[in-house]
Amino acid sequence: MSHRTTLRHARKAAAAMLIAVAAFGLTACQDGDTGNSSSPSASASAPQSPGTPSGTPSGTPKKPDTKCTDQINYAGDPRSNADINSIGEETGYCPPVQPQ
């Protein structure tokens with residue numbers, strides 16, 4: 001694997017971790033705020049899939065001691081196995097397969 005490829009994967013993994021951390025931080029802040037029905041900042045910093053209630057990660061619950069890539073077939077997903085498995089470790093949910 002070339003240095004550029006390694007660097008690109010590291011940047012993608014860092015971005016995925018930042019998104020996951022931001023999503024958890026926003027969720028923690030919103031749980032106690034029942035008077036506010038909308039939050040524009042949540043959608044700007046942490047994309048959520050349509051139909052997913054606020055605070056509930058999208059995807060399949062991750063099985064203990066199992067990598068997401070061993071649990072779900074990610075053939076055709078443009079993300080690396082490391083990126084996918086990092087998301088699963090951070091959130092507890094294996095992310096949905098992204099088409100190319």
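It should be noted that the structure appears before, not after, this text.
Residues numbered from 1 in each chain as written. Predicted model: local features only at pLDDT ≥ 70, side-chain atom pairs only at ≥ 80, totals over all residues. Heavy atoms only, no water.

Student: How should I be thinking about the environment of Asn81 in this particular structure?
Tutor: With respect to the element layout, Asn81 can be found in helix H4 (residues 81–91). Here the alpha-carbon distance between Asn81 and Asp70, two residues 11 residues apart in the chain, equals 9.7 Å. (Helix = DSSP H or I, 4+ residues; strand = E, 2+ residues; numbered from the N terminus.)

Student: Got a minute to help me understand the side chain of Asn85 in this structure?
Tutor: Tracing the backbone through its elements, the reader meets Asn85 in helix H4. Residue classification places Asn85 among the buried residues on the basis of a relative accessible area of 14%. In this view, Asn85 contacts Lys67, Cys68 and Thr69; residues no more than four positions away in its chain are not counted. (Buried < 20%, exposed > 50% of the residue type's maximum accessible area, 1.4 Å probe, protein only. Contact = heavy atoms within 4.5 Å.)

Student: How should I be thinking about the environment of Asp83 in this particular structure?
Tutor: Relative to the elements of secondary structure, Asp83 occurs in helix H4. Look at Asp83 and you get buried, because its relative accessible area is 4%. A C-alpha to C-alpha distance of 5.2 Å links Asp83 and Ala13, two positions 70 residues apart in sequence.

Student: Teacher, can you tell me more about the pattern of salt bridges here?
Tutor: When the charged atoms of two side chains lie near each other, side chains of opposite charge can form a pair. As enumerated under the stated definition, the model contains two salt bridges in all. A salt bridge links Lys62 to Glu89, with the nearest nitrogen and oxygen atoms 3.2 Å apart. Taken together, the residues Lys62 in the loop between strand S1 (60–61) and helix H3 (68–71) and Glu89 in helix H4 connect sequence positions 27 residues apart. Glu89 gets classed as exposed once you look at its relative accessible area, which sits at 56%. Notably, a salt bridge pairs Arg79 with Asp77, separated by 2.8 Å at the nearest N-O pair. (Salt bridge = Lys/Arg side-chain N within 4 Å of Asp/Glu carboxyl O.)

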